[in-house]
Structure formats: structure tokens, C-alpha cells
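A closer look at the structure
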Amino acid sequence: SMPQAVALAWEVFKSELVDNDKRATLIEFDKVFGLNLTELKEEVDVAPEEIKELLKERDDARANKKWKKADELRDEIEAAGWLVEDETSGSMLKRIE
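Quick caveat: nothing in here was measured; it's all calculated off a predicted structure. (Residues numbered from 1 in each chain as written. Predicted model: local features only at pLDDT ≥ 70, side-chain atom pairs only at ≥ 80, totals over all residues. Heavy atoms only, no water.)

As paired strands, strand 1 (residues 82-87) and strand 2 (residues 90-95) are joined by six bridges and run antiparallel to one another. Among the inter-strand pairings, Val-84 is bridged to a residue of strand 2, identified as Leu-93. (Pairing = 2+ DSSP bridges. Helix = DSSP H or I, 4+ residues; strand = E, 2+ residues; numbered from the N terminus.)

Okay, here's the thing in C-alpha cells:
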């Protein structure tokens, strides 16, 4: 059933597999599910320059294991109406609805 398939997909997503293996597995699942996941385009909100700068500062803080500073910057970004999503390829900004 679809709920079981979605649950299984989440298990793969949260697993210890490397990202490329997760992606390949989920794409194989998608061939069965027919959800056309590979055709989804990432909608990128264009953040103001000052928000991008705060995100860069936060990424630098994280890289230097300055977690408290990184958390403060995340809070500042969110207070300005932007959600920070951390991906393996870097952090993304998404406008808070």
C-alpha cells in the first residue's frame, strides 16, 4: 500500500546510507510509485543580500564548530522570515509562509 511505501521511503531517507545511495534507491522506488520525483524542480526563493550574508556567517560558524553563534544566526534569519534548511551540499533558505 502507498502508506507503507512512503514509510519505507522515509526509512531509506533517514538511514545511514550515503546520499548518492539514498537518492538512487528513492529514484528506483519512484519508478514503482510513479510520483515523478525526478521531475520536481527545487523552488528557490531569492533572499535579500543581508539574509544571504547572515547564512554565510552561520555556515562559517558551523564549519568552525561555533554552535552557539550558528544558533543565534539561525534565529536572526528566522526572525527575518526565512527558514534555514541544512543539506549535505550546504544550507538553503526558504521563505516562511
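Text resumes after the structure shown.
What follows is about the packing of helix 3 (residues 49-63) against helix 4 (residues 67-79). At a minimum axis distance of 8 Å, the contact between helix 3 and helix 4 shows a crossing angle of 160°. Between helix 3 and helix 4, the angle is such that the two are roughly antiparallel. Helix 4 is crossed by helix 3, and the crossing has left-handed handedness. Contacts between helix 3 and helix 4 involve Ile-51, Leu-54, Leu-55, Glu-57, Arg-58, Ala-61 and Arg-62 on the former and, on the latter, Trp-67, Lys-69, Ala-70, Leu-73, Arg-74, Glu-76 and Ile-77. Split by residue class, the contact of helix 3 with helix 4 holds eight nonpolar, no polar and six charged. (Axes fitted to C-alpha atoms, helices over the stretch in contact; angles between N-to-C directions. Parallel < 35°, antiparallel > 145°, perpendicular 65-115°, else oblique. Left-handed = near helix turned anticlockwise from the far one by under 90°. Contact = heavy atoms within 4.5 Å. Nonpolar A, V, L, I, M, F, W, Y, C, P; charged D, E, K, R; others polar.)

Quick look at a negative patch on the surface now. On the surface, Glu-53, Glu-57, Asp-71, Asp-75 and Glu-76 cluster together into a negatively charged patch. At the level of secondary structure, the elements contributing two or more residues to the negative patch comprise helix 3 and helix 4. Top element by residues in the negative patch is helix 4. It accounts for three residues. Mapping Asp-71 onto the fold places it in helix 4. (Patch = residues over 30% accessible without salt bridge, like charges linked within 9 Å, V, L, I, M, F, W, Y side chains within 5 Å. Areas by Shrake-Rupley, 256 points an atom, 1.4 Å probe, with all protein chains shown as cover. Salt bridge = Lys/Arg side-chain N within 4 Å of Asp/Glu carboxyl O. Lys, Arg positive; Asp, Glu negative; His and termini not counted. Charge placed at Lys NZ, Arg CZ, Asp CG, Glu CD.)

A few words on the environment of Lys-52. Within the secondary structure layout, Lys-52 lies in helix 3. Along the chain, Lys-52 and Ile-77 lie 25 residues apart, while their C-alpha atoms are 9.1 Å from each other. The residues contacting Lys-52, other than those within four sequence positions of it, are Val-46, Ala-47 and Leu-93.

Between its first and last C-alpha, helix 4 extends 18 Å over 13 residues, near the 18 Å set by a 1.5 Å rise per residue. Within the sequence span of helix 4, burial applies to Ala-70, Leu-73 and Ile-77. The arc that holds every buried residue of helix 4, seen down its axis, measures 65°, which confines them to one face. More than 90 degrees from the buried face of helix 4, the exposed residues found are Lys-68 and Ala-79. Buried residues along helix 4 sit against helix 3, strand 1 and strand 2. One or two residues past the end of helix 4 sits Gly-81, with phi positive at roughly 100°. (Expected span 1.5 Å × (residues − 1). Buried < 20%, exposed > 50% of the residue type's maximum accessible area, 1.4 Å probe, protein only. Arc of directions from axis to C-beta.)

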